[in-house]
Amino acid sequence: MAMRRHGNRLGEEMSDEEFMIRIVARDPGPTLEEWCESWSEAEINEITNVGSAVERVLRLFTEQETNWNVLFKQFKVDTYRGAGAVATWQNSRMPQRFWHFLTHADVKEKVPAPDRVSEEEVRSPQGNHERFGFQQISHLHFLADVAGAISSAGAYSYAPVETEAAIPIALGFCKELLGKHELGDWNVTFYRLGHRWSSWFYGVAWDHAWVIEDNTNETVTLFFATDTD
């Protein structure tokens, strides 16, 4: 009987014996060098699509009498260009791939640079989970976050949106953002960021920062908003 061949994360073939050894050893995944090579081969294109519901929320942040600064960007991550990039994107820890995403040549001129955190800190076992303040949240938490941000409207707003009005506005925003996905679809992951990992907006404050991953289409949405207080 012919020996079966198995493909690993880098597209290399392994025998049955080698494959089982990897399973038993609980293969930790790509090395840092393999990781960096994969990302250098990836292609990332901006695909920002602002529909009426998203535009309404962004306008609420920027048109009132506030000192808000808002960034809304969407990207398609074509990791299939690199032999091991698909595995590193889907199976790695979020802070690591987020650092490489932000520092990628196709992205770094368009979004805040992670100038308050280094690659060494991000990949450190001790600091990996905390360097960006990542917190995975549910779709309901994200919905509440957006509604709350709309309602608070900023330190210098004289026309905050009432809570009952903010909820349907935020719901429309979320539905448009998700497109064909249902609200609560497990293929979409929401993250809330906490720490000031960038000096964006003069390093004054980070009031709201979210990252939304569409794992089916390999797209990333960044939604940042900040005020001076």
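So, a few notes on the structure that sits alongside this text. (Residues numbered from 1 in each chain as written. Predicted model: local features only at pLDDT ≥ 70, side-chain atom pairs only at ≥ 80, totals over all residues. Heavy atoms only, no water.)

What follows covers the packing of aromatic side chains. In the structure shown here, the tally under the stated rule is 17 aromatic pairs. Taken together, a centroid distance of 5.2 Å and an interplanar angle of 85° make the contact between Phe98 and Phe132 edge-to-face. Placement of the pair is Phe98 in helix H5 (residues 94-102) and Phe132 in the loop between helix H6 (119-122) and strand S5 (135-137), with a sequence separation of 34 residues. Both rings, one in Phe142 and one in Trp210, keep their centres 5.7 Å apart while their planes meet at 90°; by these two values the pair is edge-to-face. Highlighted residues: Phe142 in helix H7 (residues 139-152) and Trp210 in strand S7 (residues 208-214), separated in sequence by 68 residues. The class of Phe142 is buried, set by a relative accessible area of 1%. Through successive ring pairs, a cluster of aromatic residues spans Phe75, Phe98, Phe101, Phe132, Phe134, Tyr191, Trp197 and Phe224. (Phe/Tyr/Trp six-rings, centres within 6.5 Å; stacked < 30°, edge-to-face > 60°. Helix = DSSP H or I, 4+ residues; strand = E, 2+ residues; numbered from the N terminus. Buried < 20%, exposed > 50% of the residue type's maximum accessible area, 1.4 Å probe, protein only.)

Attention now goes to the sheet that holds strand S8 (residues 219-226). On the basis of which strands lie adjacent, the open sheet formed by six strands has the order S3-S4-S8-S7-S6-S5 and antiparallel pairing. Of all the strands in the sheet, the pair left with one neighbour each is strand S3 (43-46) and S5. Pairs of neighbouring strands in the sheet enclose a mean axial angle of 25°, with direction left out of account. Where strand S6 (residues 188-192) and S7 come together, five bridges link them in antiparallel fashion. (Pairing = 2+ DSSP bridges. Axes fitted to C-alpha atoms, helices over the stretch in contact; angles between N-to-C directions.)

On to the packing of helix H3 (residues 52-63) against helix H8 (residues 163-178), then. Packed helices, taken two at a time, are described by their axes: the angle between them and the distance between them. Between H3 and H8, the shortest axis-to-axis distance is 8 Å and the interhelical angle comes to 130°. As far as their axial angle goes, H8 and H3 are oblique. For the crossing formed where H3 meets H8, the hand is left-handed. Residues Ser52, Ala53, Val54, Arg56, Val57 and Leu60 of H3 form the contact with H8, whose own contacting residues are Ile169, Gly172, Phe173 and Glu176. By residue class, the composition of the contact of H3 with H8 is six nonpolar, two polar and two charged. (Parallel < 35°, antiparallel > 145°, perpendicular 65-115°, else oblique. Left-handed = near helix turned anticlockwise from the far one by under 90°. Contact = heavy atoms within 4.5 Å. Nonpolar A, V, L, I, M, F, W, Y, C, P; charged D, E, K, R; others polar.)

The phi dihedral of Glu218 falls on the positive side, at around 50°, and the residue is not glycine. Relative to the assigned elements, Glu218 resides in the loop between S7 and S8.

For the rest of this paragraph, the subject is the pairing of S8. By the criterion of burial, S8 is predominantly enclosed, with eight of the eight residues buried. Along S8, one buried face is formed by Thr219, Thr221, Phe223 and Ala225 and the opposite face, lined by Val220, Leu222, Phe224 and Thr226, is buried too. Pairing geometry for strand S4 (residues 69-78) and S8, over eight bridges, is antiparallel. Across the sheet, Lys73 pairs through a bridge with Leu222, a residue of S8. Note that S7 and S8 share seven bridges and pair antiparallel. Bridged to Glu213 within S8 is Val220. Turn length for the S7-S8 hairpin, with the two strands adjacent in sequence and antiparallel, is four residues, and the turn residue Glu218 shows positive phi of about 50°.

Burial of S7 is extensive: seven of the seven residues sit out of reach of the surface. Neither face of S7 is exposed, since His208, Trp210, Ile212 and Asp214 on one face and Ala209, Val211 and Glu213 on the opposite face are all buried.

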